[in-house]
Amino acid sequence: LAAPPRREQDGAEPPGRDAALAAVAERAERVGAVFLLLLQKLEDARSQQSAVGTVPRRVLGHAFIFAVTHQDERPWTTAGSRAVAQELLERLVRAAGCGSVEEFLRGKDGDEDGRFGVVMGLLKQELTKDTWKRNPASKDVFSWALLRVTRPWLCPHLERVLPPALLLSDDFQEENKVLGVRCLHHIVLNVPGADLCQFNRAQVVFHALYNHLYSREAPLIQAVLLCLLDLLPILERCQRRQGHGRATSPWDQVLQLVLTHMEAEHRLALRRVYAGTLPAFVTR
């Protein structure tokens with residue numbers, strides 16, 4: 001009921017956008033208030049030892065997506081809707097018996113049954129090549145949740161999180177590219193190298209990042225180079241296990257391209273990005 005207005009398939013805004021956004025913010029306040037009342041009743045019932053254990057589980061994923069959609073400053077939110085969404089998120093965490101959003105998503109220690117899998121299951125249809133631009137909140141909910149799930153809890157969800165991250169990084173808008181690269185960097189840091197090497201996943205990520213090195217936007221180059229510094233050691237270990245020699249290493253390809261671009265680059269911001277990462281590349 002309170003989802004942001006859907007866009008065209010290419011991401012274009014529909015007619016009457018401003019009125020639709022205002023209506024969404026107003027509905028979000030009402031929906032959030034109902035969620036809060038329901039959670040309060042469930043907590044009261046639980047304190048009286050009623051049999052309500054399975055009820056919140058069925059709606060936690062939906063309520064979490066709603067809260068994250070409306071908690072930050074976005075075109076479809078107002079101060080009122082953001083406040084309700086933030087309160088709802090805190091109440092959801094408490095209702096699940098968790099101490100933080102991170103624990104809510106990953107599950108408690110020793111508990112494999114976190115809510116991140118539920119959230120990703122609900123987002124699955126919104127994060128395909130043909131749908132992710134139609135719902136403007138999908139990428140925000142995906143990245144917000146992903147960046148809060150760390151090692152070792154992220155690895156079981158690798159098949160679900162890697163395709164959307166690659167999809168974001170492959171977009172034509174710089175904002176989406178940077179967000180996608182940051183998601184890829186988080187995956188590289190929090191998934192074991194052996195799992196990244198399976199099915200040539202590390203090679204796929206490397207090619208996606210390498211293509212971005214031809215960009216002229218400093219924030220994107222910065223994000224890509226930082227990600228490559230952590231990905232390339234994993235890729236080199238993969239190649240070593242496969243019997244490939246050191247003569248043609250991805251390190252050499254990246255460093256050669258960076259030096260070539262840096263030599264002729266007249267934009268100071270971009271030259272600073274190249275120069276700032278050169279010592280790390282030489283050391284590695």
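Being a predicted model, the structure only gives us computed values, none of them experimental.

(A) Representation of the environment of A223 in the model. The topology assignment puts A223 in helix α11 (residues 218–241). The spacing of A223 and R182 is 41 residues in sequence and 6.6 Å in space, taken between C-alpha atoms.

(B) How the structure looks around the confidence of the model for the chain. When pLDDT is averaged across the chain, the result is 88; 90% of the residues are at 70 or more. The secondary-structure element of the chain with the lowest mean pLDDT is helix α2 (residues 55–71), recorded at 85, while helix α8 (residues 174–190) shows the highest, at 96.

(C) Examining the state of the cysteines more closely. Summed over all chains, the structure comprises 1 disulfide. There is a disulfide in this structure between C197 and C238, and the S-S distance comes to 1.5 Å. With the S-S bond torsion at -55 degrees, the cross-link from C197 to C238 turns out left-handed. Residue C197 is located in helix α9 (residues 193–197), and its partner C238 is located in helix α11; the two are separated by 41 residues in the primary sequence. Each member of the pair, C197 as well as C238, is classed as buried.

(D) Region of interest: the packing of α8 against α11. Between α8 and α11, whose axes approach to 9 Å, the crossing angle comes to 20 degrees. As summarised for this structure, α8 and α11 are arranged roughly parallel, according to the angle between their axes. Here the hand of the crossing between α8 and α11 comes out left-handed. Only P219, L220, A223, V224, L226, C227, D230, L231 and I234 of α11 make contact with α8, whose side of the interface consists of E174, K177, V178, V181, L184, H185, V188 and L189.

(E) The arrangement of the environment of F172 in detail. You can see F172 is positioned in the loop between α7 (158–169) and α8. Those residues in contact with F172 that lie beyond four places of it in its chain are K133 and K177.

(F) The arrangement of the packing of aromatic side chains in detail. Applying the stated criterion across every chain yields a total of 6 aromatic pairs. Judged by centre distance (5.5 Å) and plane angle (20 degrees), the ring pair of F64 and F104 falls under stacked. A residue pair is termed long-range when its members are at least 10 positions apart, and F64 in helix α2 and F104 in helix α4 (residues 101–106) qualify at 40 residues. F64 gets classed as buried once you look at its relative accessible area, which sits at 0%. On the accessibility criterion, F104 (1% relative accessible area) is buried. Measuring from centroid to centroid gives 5.8 Å for W251 and F281, while their planes differ by 80 degrees, and the two rings are edge-to-face. With a gap of 30 residues between them, W251 in helix α12 (residues 250–264) and F281 in helix α13 (residues 268–283) connect regions that are remote in the sequence.

(G) Spotlight on helix α10 (residues 201–212). The end-to-end C-alpha distance of α10, which contains 12 residues, comes to 17 Å, matching closely the 16 Å that a straight helix rising 1.5 Å per residue would cover. Listed in full, the buried residues belonging to α10 are R201, A202, V205, F206, A208, L209, Y210 and H212. On its buried side, α10 packs onto α7, α8, α9, α11 and α12.

(H) Broad picture of the pattern of salt bridges. This model, assessed by the stated rule, comprises 8 salt bridges. As a salt-bridge pair, D140 and R74 come within 3.0 Å of each other at their nearest N and O atoms. Of the two residues, D140 is situated in helix α6 (residues 138–146) and R74 in the loop between α2 and α3 (79–95); the sequence distance between them amounts to 66 residues. On the accessibility criterion, D140 (16% relative accessible area) is buried. The residue E87 makes a salt bridge to R91 at a minimum N-O spacing of 3.6 Å. Linking E87 with R91, this pair stays in helix α3, spanning 4 residues, or about one helical turn.

(I) View of the environment of A79. Within the secondary structure, A79 is located in helix α3. A relative accessible area of 56% places A79 in the exposed class.

The rules behind the values
- Residues numbered from 1 in each chain as written.
- Predicted model: local features only at pLDDT ≥ 70, side-chain atom pairs only at ≥ 80, totals over all residues.
- Heavy atoms only, no water.
- Helix = DSSP H or I, 4+ residues; strand = E, 2+ residues; numbered from the N terminus.
- pLDDT = per-residue confidence, 0-100.
- Disulfide = S-S within 2.5 Å.
- Buried < 20%, exposed > 50% of the residue type's maximum accessible area, 1.4 Å probe, protein only.
- Axes fitted to C-alpha atoms, helices over the stretch in contact; angles between N-to-C directions.
- Parallel < 35°, antiparallel > 145°, perpendicular 65-115°, else oblique.
- Left-handed = near helix turned anticlockwise from the far one by under 90°.
- Contact = heavy atoms within 4.5 Å.
- Phe/Tyr/Trp six-rings, centres within 6.5 Å; stacked < 30°, edge-to-face > 60°.
- Expected span 1.5 Å × (residues − 1).
- Salt bridge = Lys/Arg side-chain N within 4 Å of Asp/Glu carboxyl O.

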